[in-house]
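Tertiary structure, described
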Amino acid sequence: MYEPHPSETTNPVVATLFSYTRTKRRARPHGGRARGAGAGTRFGHLYGSSPAMREVFRLIERVAPSDVSVLIVGESGSGKELIAHTIHDMSPRAPVPFVALNCGALPATLIEAELFGYEKGAFTGANKTHRGFFERAHGGTLLLDEITEMPIDLQVRLLRVLETGRLIRVGGDCEIECDVRVLAATNREPMAAVRDGLLRQDLLYRLAVFPLVLPPLRERGDDVILLAHRFLAECNAQYGTHKRFAAGVKQSLRAHDWPGNVRELKNCVQRAYIIADAVVEVDSLDPLKPCEANGARNVVEIEIGTSLDMAERQLVLATLDYYRGNKQRTAKALGVSLKTVYNWLNAYLAEDEQQESND
């Protein structure tokens with residue numbers, strides 16, 4: 001895990017962020033069961049009874065009634081948007097819609113227009129005035145998911161809107177008031193993203209008034225069993241069946257490290273449900289493993305004399321194949337940013353096209 005430089009911990013926001021990152025790993029076994037969580041298995045849109053999740057529930061309950069910004073840090077598929085939705089539902093803004101924008105799902109050229117809206121005639125194709133995500137979330141909550149994927153120059157404008165509570169649509173000149181509580185989420189270490197030039201430090205300070213770290217599924221103990229049973233129950237309810245897990249499934253679920261977290265578990269259970277008759281056997285969970293599911297090997301053989309550029313290309317493409325084309329997991333495995341992976345793939349595509357034209 002990334003550790004901040006000693007000089008960085010002098011800022012209270014950064015100190016709080018990394019203090020909590022360490023503290024959540026030492027959560028008390030009987031710490032804070034949130035009100036409304038029943039036996040500790042459900043809290044808003046979240047499920048869990050492990051000490052780590054009970055601590056998350058406690059922190060959500062504390063911060064939800066306030067109006068401060070929350071930065072949710074957690075691996076892909078761990079449930080960051082569910083945390084944001086729960087915070088919204090437990091806040092005074094609950095009657096107003098919750099709006100979420102995935103900053104990594106839109107081209108850089110469109111994010112500004114979608115976030116702040118645009119006036120008719122602002123650019124080619126702008127045939128009518130468009131209300132952006134901020135305006136649509138007026139009075140409610142806006143989640144900026146994968147905030148580190150937002151273009152760095154646009155982050156300057158976002159910071160100004162957060163500070164002033166006013167925005168100007170693309171192509172407009174009139175300020176529009178926006179009363180919005182902003183939550184942000186990222187699967188990166190925040191200060192590492194700052195050092196990589198993916199997140200402005202001043203924006204981090206503004207967003208991380210209350211940092212909240214969501215533990216990965218592998219650190220949630222038997223929550224994996226609880227969630228697996230819930231997902232199987234959902235399938236049974238949807239199709240009117242009564243399928244159940246076979247003996248030994250619990251051990252198999254515990255043994256896997258779940259790199260895709262809760263999303264991976266849900267997909268696994270749904271796939272196993274389809275394969276099974278009356279009983280979901282252990283074998284039906286095996287396709288979960290990338291090396292067994294698609295035959296991808298976890299070893300790359302590089303001949304002596306291979307150029308460094310070609311060796312790098314072989315490693316990148318083999319890793320991408322191993323993770324079934326998942327670029328985020330590929331970036332994490334290689335220790336680089338998602339943007340770097342995209343840059344590599346674009347470069348390889350250009351090389352291949354050039355080679356074809358030469359041939």
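1. So, the side chain of D223
- By secondary structure assignment, the location of D223 is in helix α9 (residues 223-239).
- Within the buried set, D223 has no salt-bridge partner at all; the shortest N-O distance to an opposite charge, 5.4 Å, is to R220.
- Contacts of D223, omitting those with residues within four sequence positions, involve G48, S49, S50 and M53.

2. Here's the deal with the packing of aromatic side chains
- For the structure shown, the criterion picks out four aromatic pairs.
- With a centroid separation of 5.8 Å and an interplanar angle of 20 degrees, the aromatic rings of Y239 and Y273 are classed as stacked. In this pair, Y239 is assigned in helix α9 and Y273 in helix α11 (residues 261-275), connecting sequence segments 34 residues apart.
- Assessed through its relative accessible area of 53%, Y239 is described here as exposed.

3. Things to note about the environment of A347
- Residue position: A347 is located in helix α15 (residues 338-358).
- Spatially, the C-alpha atoms of A347 and R313 are 9.9 Å apart, while their sequence positions differ by 34 residues.

4. Quick notes on the layout of surface pockets
- For the second largest pocket, the calculated volume is near 580 Å³.
- Along the walls of the second largest pocket sit 28 residues, with G77, S78, G79, L82 and V262 positioned nearest its centre.
- Of all the secondary structure elements, the ones that give two or more residues to the lining of the second largest pocket are β2 (46-47), α3 (80-89), α9 and α11.
- For the lining of the second largest pocket, the class distribution of residues is eight nonpolar, 10 polar and 10 charged.

Cut-offs used in this document
Residues numbered from 1 in each chain as written. Predicted model: local features only at pLDDT ≥ 70, side-chain atom pairs only at ≥ 80, totals over all residues. Heavy atoms only, no water. Helix = DSSP H or I, 4+ residues; strand = E, 2+ residues; numbered from the N terminus. Buried < 20%, exposed > 50% of the residue type's maximum accessible area, 1.4 Å probe, protein only. Lys, Arg positive; Asp, Glu negative; His and termini not counted. Salt bridge = Lys/Arg side-chain N within 4 Å of Asp/Glu carboxyl O. Contact = heavy atoms within 4.5 Å. Phe/Tyr/Trp six-rings, centres within 6.5 Å; stacked < 30°, edge-to-face > 60°. 1 Å grid on protein atoms, 1.4 Å probe; cavity = no way out; pocket = protein on both sides within 12 Å on 5 of 7 lines; lining within 4 Å. Points joined across faces, edges and corners; volume = space filled by probe spheres on them. Nonpolar A, V, L, I, M, F, W, Y, C, P; charged D, E, K, R; others polar.

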